[in-house]
Each structure stands twice: as structure tokens, then as C-alpha cells.
Amino acid sequence: MTTYAVTAVGPDAPGEVAALAEALASLGANLEDASMTRLRGHFAMTLVAAADVPLAAVEQALAAFSRDSGLHVSVWDVDADAPPSPAGSPWRITLHGADRPGIVAGVTRALAQAAANITDLSCRLVGDLYVMTIEVEAPGPLDLSDVAASLGVSVHVAPVDEDVL
Amino acid sequence: MDLDVRRAPDPVLSTPCAEADPHDPAVMALAQAMVALMRSSPGCVGIAAPQVGHPVAMFVLDVTGARRVESCAGLVVLCSPELISAEGRDVRREGCLSVPDLTGDVPRATAVMVRGLVPGTGEERVVEANAFEARAFQHEMDHLQGLLFLDRVAGAHALFPRKRYL
């Protein structure tokens, strides 16, 4: 069994997820983790699937999907990737402020310098308002006040508290 | 009585429970065993009968000593519980013994009133709860309807791999 990563991005239309999932199912591939969302009107799919077929067979099946849907599709073998190692406890960072170039770069560089590993991130630009939500695993509390001040944005950091029931 | 915690996708976790007779010796014995299991499981504040493979409407709950506790009724064991009232709304990240590898952001009422029957005596007991205890009641009562927190997550991106703490 080989693990493949697949990305597909392009014009949004009903039926695209079904078409991609059917293309994978026709190979006997098992669609494992996936994250799909609409980004400024474009649909973006990222997924990991396991299949007992060679890369060329997956590429061929997805080429037909790409032709039919107009989405840009990539697939590659990710078996060699090392599994992520835990980098601490979970924190959620929320940011909002006036849009300007470099917000994501500045904040994520500060996180990297604090040895925080991003596990989830989403950004939205609406008008001139930029909004970002990030979840990280970090070895300790995070202080992003300097980078927030330099970018002129509001940043809040809070531990992700879980109620285990 | 030896009890094993069932994990999703065990179908018992997705099956609505039958009424629990509080005078049935088997129900009383199960309640005792569930309390013992809860007490011996670190961090465990509640167990519903289907989580240990018994599709009967009973749960045990005790939030004593847990974080974020406001109300605390101590040990609560109820058969065939009903939600009498629910107020407020709060979304928090929630996990479950029966779904050990995932957590999810789940909206719940912040204050509830629950009524049920006490195993053994069959007496009616009414409990008012808020904050963490209210969430725990709703979580356990969902189990009795065959619902997991997975059925209540707040959106398509509200489900997460369980974080591994160092």
C-alpha cells in the first residue's frame, strides 16, 4: 500500500469532490484525511489517500478528473515523509487587522522562532480586514506582542482547552 | 463485573438505549461497576452505559476536582434521564473516552436541569448544573441516544486530531 498526497485547486462547481473521490475509489484507493474549502471562490482540495497501485495509475486517473473539472491536480508519493513529532501543547492564535503584505510571513516567522509547529491555519481577506486563525503545538507560552505591534494588528493567544468527558 | 470501554465505530455507541429499570439488580450492578471504572480511570468524569457495551439508558458522572468546574453535584448516577431545561450556548473543544484520537468544537447549553431515577431506590433526582458539569451531562445523555460529540461538531473544520501533550 502506498500513501499519496493529492491537491486539486480551481474553479468551484458542484460535483467536484464526488468526481475526485470516485476517481480515487475506482483505483481502490482509500481516502484517509482530507481538508477542502473554498478560497476566494476557488475550490481547494488537499487529501491523503492510500492505494495499492503505482503512481502512474493514480496520475492517469486524476488527469481525466483534471480535464473534466478544469482543476489543477498534483499527486505524489508521501510514504518517505517522517511523521510529525509532537512539539508541545496546543495553542490557538487569532489575529485581525488592516490588510498589508507580510502579515502571515511575520507572524509565522515569529512562531517558528518560538519552535511552535503550525497544525492548522486559515486566513480570510474581506475588504481591507485581514483575519487569521492558527493552531500550533508549542513548547511553552507564546508572546507575539512585538510582531503584532510591528504589523499593526491585534493578536490573541490562548491555550486550546479540551474538556475530556 | 469487568467492563471494557468501547470505541467508535463500535455500533453500540450509535444505538439509542433502552429504558433502564432502576430496580433491576443487573442495572444496579452495572451502575456500581461503571462508578468503579470511572474512579479508576485518570481524568474520567463520566461514563454512559453504551460506552461499556450496555445499551441501557444510564450514566454515571462526577466532576469533583475537574478543571473549570462551577456547579458540582458530586456523584450522579441516573437511569432514564431527561433534559428538563437547557439555557445558554458555548462552543468548546470536547473529547471522549470512546473516540480517543479526535477532539471537536461542540456547541452545548451552558446551564441544564436534568431529571432521572436513582438505581436501587428508584427515587427521582433532579440536578441543576452549569459550565463544565452541564457540558458533561449533555455529553453523557447524548450517548444514551446513540450520539457522539462527532455528531455535534460545529462545522466541517471543527474536528481535530487529539493533541499529544509532552
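Keep in mind the model is a prediction, meaning the values are calculated, not measured.

**Brief notes about the sheet that holds strand S5 (residues 99-108) of chain B**
Here's step 1: Spatially, four strands are ordered S9(A)-S4(B)-S5(B)-S8(B) in an open sheet, and the strand pairing comes out mixed. A strand with exactly one partner marks an edge of an open sheet, and here the two such strands are strand S9 (162-164) of chain A together with strand S8 (159-161) of chain B. For this sheet, the mean angle separating the axes of adjacent strands, direction not counted, is 30°.
Here's step 2: With six bridges joining them, strand S4 (residues 90-96) of chain B and S5 of chain B adopt antiparallel strand pairing. Across the sheet, the residue bridging to Asp-90 of chain B is Arg-108 of chain B, located in S5 of chain B.
Here's step 3: Running at roughly 115° to S5 of chain B, helix H2 (residues 131-144) of chain B makes contact with S9 of chain A together with S4 and S5 of chain B of the sheet.

**Overview of the domain arrangement of chain A**
Here's step 1: Here chain A is partitioned into domain 1 (2-77) and domain 2 (89-159).
Here's step 2: The C-alpha-based centres of domain 1 of chain A and domain 2 of chain A are spaced at 30 Å.

**Points about the sheet that holds strand S6 (residues 111-117) of chain B**
Residues and elements named next belong to chain B.
Here's step 1: Strands sit in the order S1-S2-S3-S6-S7 across an open sheet of five strands; the sheet is antiparallel. Here the strands that pair on one side only, and so sit at the sheet edges, are strand S1 (46-48) and strand S7 (124-130). Averaged over all pairs of adjacent strands, the angle between their axes in this sheet comes to 35°, without regard to strand direction.
Here's step 2: When strand S2 (residues 58-61) meets strand S3 (residues 76-87), the two strands line up antiparallel, connected through four bridges. Across the sheet, residue Met-58 finds its bridge partner in S3, namely Cys-79.
Here's step 3: Sitting on the sheet, helix H1 (residues 25-40) touches S1, S2 and S3, and the angle it makes with S2 is about 35°.

**So, helix H2 (residues 55-69) of chain A**
Working note: α-helix, 3.6 residues per turn, so residues spaced by three or four point in the same direction.
Residue and element names in this part refer to chain A.
Here's step 1: With 15 residues, H2 should reach 21 Å at 1.5 Å per residue; the first-to-last C-alpha distance of 21 Å fits that figure.
Here's step 2: Val-58, Ala-61, Leu-62 and Ser-69 are the residues of H2 that are buried. Axial view of H2: buried residues confined to an arc of 90°, hence all on one face. Away from its buried face, by an angle of more than 90 degrees, H2 presents the exposed residues Ala-56 and Arg-67.
Here's step 3: Residues of H2 that are buried make contact with strand S1 (2-11), helix H1 (16-25), strand S3 (42-51) and strand S4 (72-77).
Here's step 4: Once H2 ends, the next one or two residues include Gly-70, with phi positive near 80°.

**Overview of the confidence of the model for chain B**
Here's step 1: Looking at chain B, pLDDT values average 95 and 98% of them are 70 or higher.
Here's step 2: Here the complex is predicted with pTM 0.89, and the ipTM for its interfaces comes to 0.81.

**Focus: the interface of chain B and chain A**
Here's step 1: Listed by partner, the interface residues are 17 residues for chain B and 11 residues for chain A.
Here's step 2: Residue assignment for the side of chain B that touches chain A shows that the elements contributing at least two residues are S4 and H2 of chain B.
Here's step 3: Of the residues that constitute the side of chain B that touches chain A, the class distribution is six nonpolar, five polar and six charged.
Here's step 4: Relative to S4 of chain B, S9 of chain A runs parallel, the two sharing three bridges. Counterpart to Glu-162 of chain A in the pairing with S4 of chain B is Arg-93 of chain B.

Reading the values: rules and limits
Residues numbered from 1 in each chain as written. Chains lettered and ligands numbered in written order. Predicted model: local features only at pLDDT ≥ 70, side-chain atom pairs only at ≥ 80, totals over all residues. Pairing = 2+ DSSP bridges. Helix = DSSP H or I, 4+ residues; strand = E, 2+ residues; numbered from the N terminus. Axes fitted to C-alpha atoms, helices over the stretch in contact; angles between N-to-C directions. Contact = placed C-beta atoms within 7 Å. Domains from an automatic or database assignment. Expected span 1.5 Å × (residues − 1). Buried ≥ 20, exposed ≤ 12 C-beta atoms within 10 Å, placed from the backbone. Arc of directions from axis to C-beta. pLDDT = per-residue confidence, 0-100. Nonpolar A, V, L, I, M, F, W, Y, C, P; charged D, E, K, R; others polar.

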